[in-house]
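# Results of the structural survey
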Amino acid sequence: YARIQNPNSEYAARSFTYTFTYDGGQTPEQNGYLLPGAEMDVYALGLSDIASPRNPQLLMTSVQWKRILGWSEKQRTMLDVPVTDITVVPIANDTRGGTAVTFTLTNNTTYSFWAIDVPIVLLQGSRVIGTNAIRLENMESAERRPVTVQWFGAPTNATSVRVSPQVNILDASVFQNVKGGQQKF
């Protein structure tokens with residue numbers, strides 16, 4: 001897991017390839033993007049054969065930059081997807097243990113999305129103690145969706161959680177078609 005930042009307010013990393021290297025190996029390559037002025041979580045999940053990698057480092061390659069004119073307006077109108085009502089509690093009454101994360105995601109844009117990726121980072125103070133991610137399918141414009149993630153085996157001592165929805169609005173395929181079609185008068 002790493003948190004990356006693009007300090008440039010006019011250029012997006014339209015695409016890049018990343019992997020995590022560590023003593024003795026590396027994770028499979030994945031693809032990512034980073035919007036202007038954004039922070040984003042990148043991660044490699046489901047790697048049960050790598051318990052505690054030593055000296056992990058993020059390696060990014062094949063970065064393709066794209067200038068985005070009028071970014072602040074695009075960001076305001078196309079990325080207004082706030083997360084509210086976040087709670088993190090240990091899962092009660094289950095022998096496996098773990099953590100339940102609940103939150104509400106609201107799509108305040110006029111666009112409907114096929115999917116929104118949602119990385120979830122458990123924190124103890126400022127220290128990361130767990131990462132996970134989910135994908136929310138078919139997020140309609142103006143939809144308010146309550147979400148619960150039961151994360152069995154996750155650390156139960158989290159003091160806070162970071163939930164960061166990610167939508168690559170530079171990719172036209174993330175947008176659903178406008179419903180209704182043409183009307184004849």
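Up top you'll find the structure we're talking about.
Treat the numbers as computed from the prediction; the structure is a model and nothing was measured.

With antiparallel pairing, the three strands of this open sheet are ordered in space as E7-E8-E11. The strands lining the two open edges of the sheet, one partner per strand, are strand E7 (83–90) and strand E11 (144–152). Taken pair by pair, the neighbouring strands of this sheet meet at an average axis angle of 10 degrees, ignoring direction. Looking at chain direction, strand E8 (residues 98–106) and E11 are connected through nine bridges and run antiparallel. Pairing of Leu 105 across the sheet is with Arg 145, part of E11.

With that settled, the discussion passes to the packing of aromatic side chains. The tally for this structure, following the rule as stated, stands at four aromatic pairs. Ring geometry for Phe 16 against Tyr 18: centres 6.0 Å apart, planes inclined by 50 degrees, an arrangement best described as tilted. Of the two residues, Phe 16 and Tyr 18, both sit in the buried class. Ring plane angle 85 degrees and centroid distance 6.0 Å describe the contact between Tyr 18 and Phe 20, whose orientation is recorded as edge-to-face. Each member of the pair, Tyr 18 as well as Phe 20, carries the same accessibility label: buried. Taken together through their ring pairs, the aromatic side chains of Phe 16, Tyr 18 and Phe 20 make up a single cluster.

Let's shift gears to the nonpolar core. With 40 residues, the main nonpolar core has Val 101, Phe 103, Ile 116, Ile 120 and Leu 122 as its most contacted residues. Every residue in contact with Phe 103, bar those within four places of it in the chain, is listed here: Val 83, Thr 84, Asp 85, Ile 86, Val 118, Ile 120, Ile 134, Arg 145, Pro 146, Val 147 and Val 163.

Together, Tyr 11, Met 60, Val 63 and Trp 65 make up a nonpolar patch on the protein surface, roughly 360 Å² of accessible area in all. Here the element with the most residues in the nonpolar patch is strand E6 (residues 57–67); it accounts for three residues. Tracing the backbone shows Val 63 in strand E6. For Val 63, a relative accessible area of 33% gives the class partly exposed.

Calculation criteria
- Residues numbered from 1 in each chain as written.
- Predicted model: local features only at pLDDT ≥ 70, side-chain atom pairs only at ≥ 80, totals over all residues.
- Heavy atoms only, no water.
- Pairing = 2+ DSSP bridges.
- Helix = DSSP H or I, 4+ residues; strand = E, 2+ residues; numbered from the N terminus.
- Axes fitted to C-alpha atoms, helices over the stretch in contact; angles between N-to-C directions.
- Phe/Tyr/Trp six-rings, centres within 6.5 Å; stacked < 30°, edge-to-face > 60°.
- Buried < 20%, exposed > 50% of the residue type's maximum accessible area, 1.4 Å probe, protein only.
- Core = buried A, V, L, I, M, F, W, Y, C linked by side-chain atoms within 4.5 Å.
- Contact = heavy atoms within 4.5 Å.
- Patch = residues over 30% accessible without salt bridge, like charges linked within 9 Å, V, L, I, M, F, W, Y side chains within 5 Å.
- Areas by Shrake-Rupley, 256 points an atom, 1.4 Å probe, with all protein chains shown as cover.
- Salt bridge = Lys/Arg side-chain N within 4 Å of Asp/Glu carboxyl O.

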